[in-house]
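# Fold and geometry: a report
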Amino acid sequence: MARQQTPQAPAAAETPAPAAQSGGTRIGQGPGRLLLWFYGVFTVAALSRSIVQISTKFADARLAYLLSLAAGIVYAVITVALWRGGDQARKVALVSCSAELLGVIGVGVLTLTDSSAFPDQTVWSDFGYGYVFLPVILPVMGLLWLRKAGAERKAADPA
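Residues numbered from 1 in each chain as written. Predicted model: local features only at pLDDT ≥ 70, side-chain atom pairs only at ≥ 80, totals over all residues. Heavy atoms only, no water.

## Things to note about the pattern of salt bridges
Counted under the stated rule, the structure contains one salt bridge. The closest approach of N and O atoms between D120 and K57, which form a salt bridge, is 3.8 Å. Residue D120 is found in the loop between α4 (87-113) and α5 (134-156), and its partner K57 is found in helix α2 (residues 31-57); the two are separated by 63 residues along the sequence. In this structure D120 comes out as partly exposed when scored by relative accessible area, which is 23%. Look at K57 and you get partly exposed, because its relative accessible area is 33%. (Salt bridge = Lys/Arg side-chain N within 4 Å of Asp/Glu carboxyl O. Helix = DSSP H or I, 4+ residues; strand = E, 2+ residues; numbered from the N terminus. Buried < 20%, exposed > 50% of the residue type's maximum accessible area, 1.4 Å probe, protein only.)

Following this line, the structure appears as structure tokens:
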């Protein structure tokens, strides 16, 4: 009896990683991984806090709670951009980190000069004092990392 051979299916092509699909290196690797972790934690903390505050005592400090919500949204955008990687995500992260830094500085100055405008704390109050100043440190570190990652990408790209 002749043994019948069945043709084998060709091996499936490997699916490229998200970074390869987006055309760049993952900015959430190396030191970016630590930033990714911090921004992920800050996303959950700021959004959770603001949602509870808005749903339970919004009338007490509308501006403060809306600013905490805005901070949480900015943190979420940065987290996703760091996770996705690539040139487009890097640009989104740069803009978001810049907006975050301006927000922290603006709210920090306002809370020191006119504390009556903020009857309750925000994530960015007093330059992030309630969060061990991480809200002012993170965007600076993020901007430095994104700048370095962009320079490395340009140096590695021959085109």
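## Topic: the side chain of S125
Looking at the element boundaries, S125 is found in the loop between α4 and α5. Residue S125 is classed as buried on the basis of its relative accessible area of 1%. Contact partners of S125, with chain neighbours within four places excluded, come to V107, T111 and D120. (Contact = heavy atoms within 4.5 Å.)

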